[in-house]
Number of protein chains: 2
Amino acid sequence: MTTYTSEIIGILGGMGPAATADFYAKLVVATPGSSDQDHLRTVIWSDPTIPDRTEALLGDGPDPTPWLLAGSRVLREAGATVIAIPCNTAHAFVPRIEDHVGLPIVHMIGEVARHLATLSPRVHTVGLLATTGTVRAGLYQEWLDRFGVRLVLPDAASQSDEVMTAIHTVKSGTCDARTTALLAHAAQRLTERGAQAVIAGCTEIPLGLPADTVDVPLVDPALILAQALVRRARTANTAA
Amino acid sequence: MTTYTSEIIGILGGMGPAATADFYAKLVVATPGSSDQDHLRTVIWSDPTIPDRTEALLGDGPDPTPWLLAGSRVLREAGATVIAIPCNTAHAFVPRIEDHVGLPIVHMIGEVARHLATLSPRVHTVGLLATTGTVRAGLYQEWLDRFGVRLVLPDAASQSDEVMTAIHTVKSGTCDARTTALLAHAAQRLTERGAQAVIAGCTEIPLGLPADTVDVPLVDPALILAQALVRRARTANTAA
């Protein structure tokens with residue numbers, strides 16, 4: 001039986017709140033164990049009032065950096081030893097906070113790129129469904145370039161009318177079959193252009209797009225982040 | 001559009017961790033709103049290392065009170081203005097902590113009793129599926145007595161072989177059709193003895209017992225607690 005004592009996971013969440021609940025559920029499932037006491041101590045700061053990340057990146061809204069810093073401080077003071085941010089778009093602001101939080105941040109997008117590079121058979125081309133903020137900030141582009149994976153993106157119409165419409169629907173709590181159809185169609189257009197896998201690159205997307213509606217593997221960054229945290233905690237425990 | 005500014009929900013969780021994730025998801029769904037920013041700021045301390053509550057109540061394990069007090073302190077220092085404990089059995093320890101946490105605790109079992117007393121048509125007899133710790137501590141008995149609702153409990157064999165077996169299965173992450181069958185059978189025995197509703201009185205139970213497998217309404221205390229918190233936050237907001 002595995003028990004973890006030294007690591008306390010800090011989750012900087014609320015972006016959105018449903019995605020935070022989903023991420024914590026994935027972390028619990030990813031943790032091996034047969035009783036409560038085998039699981040990781042976790043502190044979650046879920047602040048849905050953090051200004052919209054995409055709006056900030058497009059110059060249409062306030063900079064969320066002060067909220068992200070304040071939330072990180074809450075997590076550190078609560079005893080967290082590592083920070084995870086289950087929001088792809090928020091990773092655009094990681095360079096502005098990482099030197100000030102005093103804790104390591106496990107980088108979700110970096111973990112996804114690393115994961116893709118180790119798949120067998122090798123994935124050469126991957127599609128991305130994400131917010132316009134994540135796409136414009138080039139977050140996946142930068143990391144996938146490092147690992148030699150080619151990225152295909154939705155065209156402008158699919159990005160705004162399919163992907164962003166679906167994300168807003170999930171955030172509003174009214175996700176339905178039409179939302180799934182929008183996302184599945186956007187994914188299909190990416191596979192037609194050569195994507196051998198599709199990244200569900202906004203934490204709201206897996207809530208609206210079941211994996212079996214996509215012809216190729218659907219990569220869930222929240223799940224990969226959860227698995228990375230569990231691996232890290234096991235190492236921390238061994239080292240303690 | 002409703003926005004909440006004054007209330008910060010503190011969730012004292014980890015008992016177990018899957019139930020905490022499920023409770024936070026229910027709180028998000030129970031909150032009206034169409035964007036992230038309409039949701040409640042929430043801080044969650046999820047400590048799965050808190051000693052088993054049932055074992056403590058049966059005299060077989062350490063008292064979890066110090067862990068509950070330490071977790072409450074983390075929540076208060078993080079800015080929480082109210083505490084919710086999504087674990088029925090842990091409510092046996094509320095009298096030992098409530099005078100020391102410095103924050104109001106919204107009492108899940110009290111909220112369930114209040115909810116049952118307001119149902120129409122009136123529920124006179126209710127069944128309870130809960131841990132042996134919750135049953136022995138008389139938590140529901142005490143609150144339902146105040147509201148004039150009669151309680152029926154599983155017999156000793158059903159309590160140990162059906163209810164507790166199923167709860168341990170959910171906690172171990174291996175919940176399956178057999179788990180559901182055990183719980184559904186235990187519920188059926190309660191309805192045969194006159195229960196007009198059944199309380200899923202351990203936060204693990206709704207994870208293993210879909211409402212449509214029970215002939216009478218299945219009352220989910222986590223959902224009722226979530227709804228009580230949302231009502232409280234709206235009032236706090238109006239008063240602010």
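One can find the structure itself at the top, above this paragraph.
Only a predicted model underlies this, so the values are computations on that prediction, with no experimental measurement involved. (Residues numbered from 1 in each chain as written. Chains lettered and ligands numbered in written order. Predicted model: local features only at pLDDT ≥ 70, side-chain atom pairs only at ≥ 80, totals over all residues. Heavy atoms only, no water.)

Asker: In this structure, what is going on with the relation of the copies chain A and chain B? I would like to understand it.
Answerer: Think of it as a corkscrew move, a rotation about one axis and a shift along it, taking one chain copy to the other. For the pair chain A and chain B, the relating rotation is 180°, the translation along its axis is 0.0 Å, and the fit reaches an RMSD of 0.0 Å. Taken together, the rotation and translation describe the operation of a two-fold axis. The residues that chain A uses at the interface reappear at the interface of chain B in 100% of cases, marking a shared surface. (Least-squares fit on C-alpha atoms with pLDDT ≥ 70 in both. Contact = heavy atoms within 4.5 Å.)

Asker: Could you clarify how one ought to interpret the packing of aromatic side chains in this entry?
Answerer: Each aromatic ring pair is described using two quantities: the centre-to-centre distance and the angle formed by the ring planes. By the definition in use, this model includes zero aromatic pairs over all chains. Stacked on the ring of A:Trp143, the Lys or Arg A:Arg146 has its end atom at 3.9 Å from the ring centre. (Phe/Tyr/Trp six-rings, centres within 6.5 Å; stacked < 30°, edge-to-face > 60°. Lys NZ or Arg CZ within 6 Å of the ring centre and 35° of its normal.)

Asker: I keep staring at the pairing of strand E5 (residues 125–129) of chain A and nothing clicks. Help me out?
Answerer: The side chains of a regular strand alternate, residue by residue, between the two faces of the sheet. All names here are of chain A. Buried residues dominate E5, accounting for five of its five residues. Residues Thr 125, Gly 127 and Leu 129 point to one face of E5 and Val 126 and Leu 128 to the other, with burial holding for every one of them. Bridge count between E5 and strand E6 (residues 150–152): three bridges; the pairing is parallel. The partner of Thr 125 across the bridge, within E6, is Arg 150. Judged from the four bridges that link them, E5 and strand E7 (residues 197–200) form a sheet pairing that is parallel. The residue bridging Val 126 from the neighbouring strand is Ala 197, located in E7. (Buried < 20%, exposed > 50% of the residue type's maximum accessible area, 1.4 Å probe, protein only. Helix = DSSP H or I, 4+ residues; strand = E, 2+ residues; numbered from the N terminus. Pairing = 2+ DSSP bridges.)

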